[in-house]
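# Overview (structure and organization)
Chain by chain, the residues:
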Amino acid sequence: AVNLAHGWACWKTYLGRAEADLCRMDAMRTLGSALLESQRTAEALQVHEANFTLAQRYFPHNRKFSLLVQYHIAFCLMQLGR
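Below, the structure is looked at part by part. (Residues numbered from 1 in each chain as written. Predicted model: local features only at pLDDT ≥ 70, side-chain atom pairs only at ≥ 80, totals over all residues. Heavy atoms only, no water.)

## Focus: the side chain of Asn 51
Definition in use: Helix numbering and strand numbering both begin at the N terminus, where a helix is a DSSP run of H or I of at least 4 residues and a strand a DSSP run of E of at least 2. The contact definition used throughout considers only heavy atoms, calling two residues in contact when any of these lie within 4.5 Å.
Structurally, Asn 51 is set in helix H3 (residues 41–58). Setting aside its immediate chain neighbours within four residues, Asn 51 contacts Met 25, Met 28, Arg 29, Phe 65 and Val 69.

Next up, the structure:
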């Protein structure tokens with residue numbers, strides 16, 4: 001419950017920033033991870049997919065961030081049996 005509260009707090013803190021802001025994108029990743037830990041896998045998948053879309057749009061050459069988000073997407077899909 002604490003991790004989920006932390007995830008939402010991160011997201012609310014950085015929500016008002018531009019889509020291309022790395023802190024905002026990191027807050028999305030934190031929220032997605034917290035949702036996954038809280039067994040809210042379908043919601044976590046949506047957050048990670050949105051984050052991946054933003055990463056591809058604004059930082060297509062940042063392979064490290066893209067791979068990290070893809071890992072989270074793959075883990076969500078595995079948990080969902082897809």
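## With respect to the pattern of salt bridges
Note the threshold: By salt bridge we mean one thing: a side-chain nitrogen of Lys or Arg within 4 Å of a carboxyl oxygen of Asp or Glu.
Summed over all chains, the structure comprises four salt bridges. Between Asp 26 and Arg 29 there is a salt bridge, with the nearest N and O atoms lying 2.5 Å from each other. Taken together, the positions of Asp 26 and Arg 29, both in helix H2 (residues 22–37) and three residues apart, correspond to about one turn of that helix.

## Let's talk about the environment of Glu 19
As a reminder of what qualifies: Whether a residue is buried, partly exposed or exposed follows from its accessible area with a 1.4 Å probe, protein chains only, as a fraction of its type maximum: under 20%, in between, or over 50%, in that order. Each polar contact in these results corresponds to two N or O atoms within 3.5 Å; when the atoms are within protein, one needs to be able to donate a hydrogen and the other to accept it, and residues that are neighboring in sequence are counted only if both atoms are side-chain atoms.
Locating Glu 19 in the fold gives a position in the loop between helix H1 (2–14) and H2. Looking at Glu 19, the relative accessible area reads 34%, which means it is partly exposed. In this structure the side chain of Glu 19 is engaged in a polar contact, spanning 2.7 Å, whose partner is the side chain of Tyr 58.

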